[in-house]
Protein chains: 2
Amino acid sequence: MKAVVYVRPRSGVLDPQGQAVASALKHLDFPEVIEARQGKTIELVLEDGDVETAKERVTQMCEQLLANTVIEDYQVKIEP
Amino acid sequence: MKAVVYVRPRSGVLDPQGQAVASALKHLDFPEVIEARQGKTIELVLEDGDVETAKERVTQMCEQLLANTVIEDYQVKIEP
C-alpha cells in the first residue's frame with residue numbers, strides 16, 4: 001500500500017523558499033510567475049492493510065513527525 | 001492560473017532524507033513503514049493564459065531551475 005503526504009506552509013506563513021523560487025524564475029525570464037510556494041511530498045510504502053486504519057496511522061505520523069502543524073498544513077492520500 | 005510541480009528523486013537514486021524519515025517513523029512505533037521517499041512540491045500562481053503554453057513554460061522552468069534532472073524526476077499539473 002502506498003501513502004502520499006503533502007506538506008506545505010500554511011497560508012499567511014512566510015515562505016522564504018517559495019519567494020526565492022519566484023524571484024529566480026522572474027530573473028530567468030518567466031515574468032508570468034506571480035507567486036510560488038514550496039512544500040514537500042513524502043511517499044510512503046506501507047505494509048498492506050485496511051485503508052481507513054492506514055489513513056489514521058499516517059495522520060498520526062504527520063502530527064508527530066512529518067509536519068510542523070504550527071506553520072504547516074498537510075494532506076494525506078492513500079493509494080491501495 | 002495555478003501550476004503544481006512535483007519533484008522527486010529518480011528511482012534508483014539514493015534518497016537520504018527519505019531514509020531518515022523511514023528510520024524515524026520506525027523508531028516512533030510505526031513498524032508498518034517499509035520505505036519513504038521525500039520530494040518537493042512547488043505551487044506556482046501564473047498570469048492567466050493558454051493552458052498548453054503554460055504547461056510548456058512550466059516544463060522549461062523545471063528543466064532550468066526547479067528540478068535537477070540528473071537525479072530528479074518531475075511532473076507538471078496545470079489547474080486552470
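Here's what I pulled together on the structure shown here. Computed from a predicted model, the values in this text were never measured in an experiment.

What follows deals with helix α1 (residues 16-27) of chain A. Residues and elements named next belong to chain A. Between its first and last C-alpha atoms α1 spans 16 Å; for 12 residues at 1.5 Å apiece the expected length is 16 Å, and the two agree. Within α1 the residues assigned to the buried category are Gly 18, Val 21, Ala 22 and Leu 25. Taken around the axis of α1, the buried residues stretch over an arc of 95°, which confines them to a single face. More than 90 degrees from the buried face of α1, the exposed residues found are Pro 16 and His 27.

Now for the interface of chain A and chain B. Contacts between the two partners involve 31 residues from chain A and, on the opposite side, 31 residues from chain B. Taking both sides of the interface into account, the surface hidden between chain A and chain B amounts to around 2900 Å²; carbon and sulfur atoms contribute 59%. Interface area lost by chain A to chain B is led by Phe 30, Glu 32 and Glu 43 of chain A, which between them contribute 19%. Our enumeration of links across chain A and chain B arrives at four salt bridges. A salt bridge links Arg 57 of chain A to Glu 32 of chain B, with the nearest nitrogen and oxygen atoms 2.7 Å apart.

What follows concerns the relation of the copies chain A and chain B. Screw-axis analysis of chain A against chain B gives a translation of 0.0 Å along the axis, an RMSD of 0.0 Å, and a rotation angle of 180°. The transformation just described matches what one would write down for a two-fold rotation axis. Taking C-alpha positions as reference, the residue of chain A nearest the rotation axis is Lys 40 of chain A, located at 2.0 Å. Interface overlap between copies is the fraction of interface residues in one copy that are interface residues in the other; for chain A against chain B it reaches 100%, indicating a shared surface.

Bringing unusual backbone geometry into the picture now. All names here are of chain A. Look at Asp 29: it is not a glycine, yet its phi comes out positive at around 75°. By the element assignment, Asp 29 lies in the loop between α1 and β2 (33-46). For Asp 29, a relative accessible area of 58% puts it in the exposed group.

Here we take up the packing of α1 of chain A against helix α2 (residues 51-66) of chain B. Contact geometry of α1 of chain A with α2 of chain B gives a least axis separation of 11 Å together with a crossing angle of 105°. Here α2 of chain B runs roughly perpendicular to α1 of chain A, going by the angle between their axes. Residues Val 21, Ala 24 and Leu 25 of chain A of α1 of chain A form the contact with α2 of chain B, whose own contacting residues are Met 61, Leu 65 and Leu 66 of chain B. Its residues assigned to classes, the contact of α1 of chain A with α2 of chain B comprises six nonpolar, no polar and no charged.

Most of strand β2 (residues 33-46) of chain B is tucked away, with 10 of its 14 residues classed as buried. As judged from the 13 bridges shared by β2 of chain A and β2 of chain B, these two strands associate in the antiparallel manner. Following the sheet pairing, Lys 40 of chain A is matched in β2 of chain B by Lys 40 of chain B. Both strand β1 (residues 2-9) of chain B and β2 of chain B contribute to a ladder of six bridges, which runs antiparallel. Residue Ala 3 of chain B lies in a different strand from β2 of chain B, and its bridge partner there is Leu 44 of chain B.

With that settled, consider the environment of Asp 50 of chain B. Residues and elements named next belong to chain B. With respect to the element layout, Asp 50 can be found in the loop between β2 and α2. For Asp 50, a relative accessible area of 47% puts it in the partly exposed group. Sequence-wise, Asp 50 and Gly 39 are 11 residues apart; in three dimensions their C-alpha atoms are separated by 28 Å.

What follows concerns the layout of surface pockets. A probe as big as a water molecule, rolled over the atoms, marks out the empty space that is left. Roughly 410 Å³ of internal volume is contained in the largest pocket. Broken down by class, the residue content of the lining of the largest pocket amounts to 12 nonpolar, six polar and eight charged.

Cut-off values and rules
- Residues numbered from 1 in each chain as written.
- Chains lettered and ligands numbered in written order.
- Predicted model: local features only at pLDDT ≥ 70, side-chain atom pairs only at ≥ 80, totals over all residues.
- Heavy atoms only, no water.
- Helix = DSSP H or I, 4+ residues; strand = E, 2+ residues; numbered from the N terminus.
- Expected span 1.5 Å × (residues − 1).
- Buried < 20%, exposed > 50% of the residue type's maximum accessible area, 1.4 Å probe, protein only.
- Arc of directions from axis to C-beta.
- Contact = heavy atoms within 4.5 Å.
- Buried area = accessible area lost by both parts, 1.4 Å probe.
- Salt bridge = Lys/Arg side-chain N within 4 Å of Asp/Glu carboxyl O.
- Least-squares fit on C-alpha atoms with pLDDT ≥ 70 in both.
- Axes fitted to C-alpha atoms, helices over the stretch in contact; angles between N-to-C directions.
- Parallel < 35°, antiparallel > 145°, perpendicular 65-115°, else oblique.
- Nonpolar A, V, L, I, M, F, W, Y, C, P; charged D, E, K, R; others polar.
- Pairing = 2+ DSSP bridges.
- 1 Å grid on protein atoms, 1.4 Å probe; cavity = no way out; pocket = protein on both sides within 12 Å on 5 of 7 lines; lining within 4 Å.
- Points joined across faces, edges and corners; volume = space filled by probe spheres on them.

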